[in-house]
Amino acid sequence: MPDDLVFSLPQHERGRVFWPHELRAHNAQWWLAEFGYEKWHERGITGEGVYVVIADTGLCDKTHRESGDLVDVVDRGFDGTGEGLDDYNGHSTFCSSAIAANPNGLGVRGVAPGVKIVTGKCLDRTGSGTVQSIVSAIDQACEYAAGKGPTILNMSFGSSGRSQAIENVLRKWHDKGVLLVAAAGNEGVESPDSWPGAYEFVCCLGAIGRDRKLAQFSNRGAEVDFVAPGKDMLLAALNGRYQQVSGTSFACPHAVGTAALLQHARQKAGLPLLKD
């Protein structure tokens, strides 16, 4: 395929918006207790020492970074779009909080609040990115993160076209030990051609709801490796707010956070790190 492809965010649902004072009355982070994450955190398994590259729409929302959930989470950022690092779309802020929001009582909590986030901004404010922006952001961010510690790459975007340049950069970092995780897409179809999730060396994520059934919107089939919560997720949004969202975009960071917990646990136990 030619490398003039455009990659974009899967179509996803954005629901009700919450202000911080409303969160206690609306305890919607059902997955933390029901999937056992709170017990991991109580035992000191938080993803500490693990670096997560979020290849998405930019550096998570400034208000959350300065006074809310995402204090001290961001390590560094790299911009492949030329737009500047900030997240003007909100999608990257959702994903960052799903993985790493601090359990500080001020907002939501991430699956792996001990990780460090490295931003690879490859999508612009419209949620679109080029092959060049994706390759540049991922390559720079993984180069930095992989030199620091165990690294996981979150890719909540996709395209029906296959790019050799993107395949090359992803294979390069996979071969260097970076875990690669991508969203399956939200068309609700069987065995979609959705890249990068369709690469055999990328872990592809579908979405389930609280009932643990596959969400109607989630793509499915042989290319989907795992499923994770991705329906009715209450996450940090732009301008210091919170929002209920649904999509495989949010199952993907959930799985990334889970992988970070496993890497942290294996490090503490003196076991080899996961490679795939």
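Residues numbered from 1 in each chain as written. Predicted model: local features only at pLDDT ≥ 70, side-chain atom pairs only at ≥ 80, totals over all residues. Heavy atoms only, no water.

Some thoughts on the overall build of the chain
Thinking step 1. Each helix and strand in the chain was counted, giving seven helices and twelve strands.
Thinking step 2. Computed over its C-alpha atoms, the radius of gyration of the chain comes to 17 Å, within 12% of the 19 Å expected for a compact globule of 276 residues.
Thinking step 3. Based on the C-alpha atoms only, the size of the chain along its principal axes is roughly 50 × 40 × 35 Å.
Thinking step 4. Among the 276 residues that make up the chain, the fraction classed as buried is 55%.
Thinking step 5. Excluding contacts between residues fewer than 6 apart, the proportion of contacts in the chain whose partners are at least 24 apart in sequence is 76%.
Thinking step 6. Entry remark: accessible area of the chain is about 11,400 Å², with carbon and sulfur atoms responsible for 47%.
Thinking step 7. A distance of 6 Å separates the average location of the 26 positive side-chain charges in the chain from that of its 32 negative side-chain charges. (Helix = DSSP H or I, 4+ residues; strand = E, 2+ residues; numbered from the N terminus. Rg over C-alpha atoms; globule rule 2.2 N^0.38 Å. Buried < 20%, exposed > 50% of the residue type's maximum accessible area, 1.4 Å probe, protein only. Contact = heavy atoms within 4.5 Å. Areas by Shrake-Rupley, 256 points an atom, 1.4 Å probe, with all protein chains shown as cover. Lys, Arg positive; Asp, Glu negative; His and termini not counted. Charge placed at Lys NZ, Arg CZ, Asp CG, Glu CD.)

With respect to the packing of aromatic side chains
Thinking step 1. Enumeration over the complete set of coordinates arrives at six aromatic pairs.
Thinking step 2. Relative to Y199, the ring of W195 lies with its centre 5.0 Å away and its plane at 50°, an arrangement referred to as tilted. Accessibility classification places W195 together with Y199 in one group, the buried group.
Thinking step 3. On the basis of an interplanar angle of 10° and a centroid distance of 5.4 Å, the ring pair of Y199 and F201 is categorised as stacked. Here the two residues Y199 and F201 agree in accessibility, since each one is buried.
Thinking step 4. Within the aromatic cluster, the residues linked to one another by ring pairs are W30, W31 and F35. (Phe/Tyr/Trp six-rings, centres within 6.5 Å; stacked < 30°, edge-to-face > 60°.)

Considering unusual backbone geometry
Negative phi values dominate among residues other than glycine, just as trans dominates among peptide bonds.
Thinking step 1. Of note, the bond from W195 into P196 is cis; its omega dihedral lies within 30 degrees of zero at 15°.
Thinking step 2. One non-glycine residue, R212, lies in positive phi territory at about 65°.
Thinking step 3. One non-glycine residue with positive phi stands out, namely N239, at about 65°.
Thinking step 4. Its location among the elements puts N239 in the loop between strand 11 (233-236) and strand 12 (242-246).

So, the nonpolar core
Thinking step 1. Core analysis: the biggest nonpolar cluster contains 47 residues, and I99, V115, I117, I152, V181 and L235 have the highest contact counts within it.
Thinking step 2. Of all the secondary-structure elements, those providing two or more residues to this core are helix 1 (30-34), strand 3 (51-56), helix 4 (91-100), strand 8 (179-183), strand 9 (203-208), strand 11, strand 12 and helix 7 (248-269).
Thinking step 3. Of all the elements, helix 7 adds the most residues to this core, at eight residues.
Thinking step 4. Discounting chain neighbours no more than four positions away, the residues touching L235 are W31, F94, S97, A98, Y242, Q243, V245 and F250.
Thinking step 5. Counting 32 residues, the second-largest nonpolar core is a separate cluster that includes A55, V131, M155 and L170. (Core = buried A, V, L, I, M, F, W, Y, C linked by side-chain atoms within 4.5 Å.)

So, the sheet that holds strand 9
Thinking step 1. Taken in spatial order, the seven strands make up an open sheet running 4-5-3-7-8-9-10, and their pairing is parallel. The open sheet terminates on both sides in strands that have one partner only, identified here as strand 4 (74-79) and strand 10 (226-229). The mean inter-strand angle of the sheet, taken between neighbouring strand axes irrespective of direction, is 25°.
Thinking step 2. Note: strand 3 against strand 5 (residues 116-121), six bridges, orientation parallel. (Pairing = 2+ DSSP bridges. Axes fitted to C-alpha atoms, helices over the stretch in contact; angles between N-to-C directions.)

Remarks on helix 7
Thinking step 1. A rise of 1.5 Å per residue sets the reference length of helix 7, with its 22 residues, at 32 Å; its end C-alpha atoms lie 32 Å apart and thus fit the reference within 8%.
Thinking step 2. One or two steps after helix 7, the chain reaches G270, where phi turns positive at roughly 75°. (Expected span 1.5 Å × (residues − 1).)

What to know about the pairing of strand 9
Along any regular strand the residues' side chains alternate between the sheet's two faces.
Thinking step 1. Among the six residues that make up strand 9, six are buried, leaving the element largely enclosed by the rest of the structure.
Thinking step 2. Across the two faces of strand 9 the burial is the same, with C203, L205 and A207 and C204, G206 and I208 all buried.
Thinking step 3. Here strand 8 pairs with strand 9 via three bridges, running parallel. Each bridged residue has a counterpart across the sheet, and for A183 the counterpart in strand 9 is L205.
Thinking step 4. As judged from the four bridges shared by strand 9 and strand 10, these two strands associate in the parallel manner. Bridge pairing in strand 10 links G206 to V227.

Comments concerning the packing of helix 4 against helix 7
Thinking step 1. Relative orientation of the contacting elements helix 4 and helix 7 amounts to 35°, with a least axis distance of 8 Å. Crossing hand, helix 4 versus helix 7: right-handed. Across the interface between the two elements, H91, F94, C95, A98 and I99 from helix 4 touch S249, F250, P253, V256 and G257 from helix 7.
Thinking step 2. Across the contact of helix 4 with helix 7, the residue classes break down as seven nonpolar, three polar and no charged. (Left-handed = near helix turned anticlockwise from the far one by under 90°. Nonpolar A, V, L, I, M, F, W, Y, C, P; charged D, E, K, R; others polar.)

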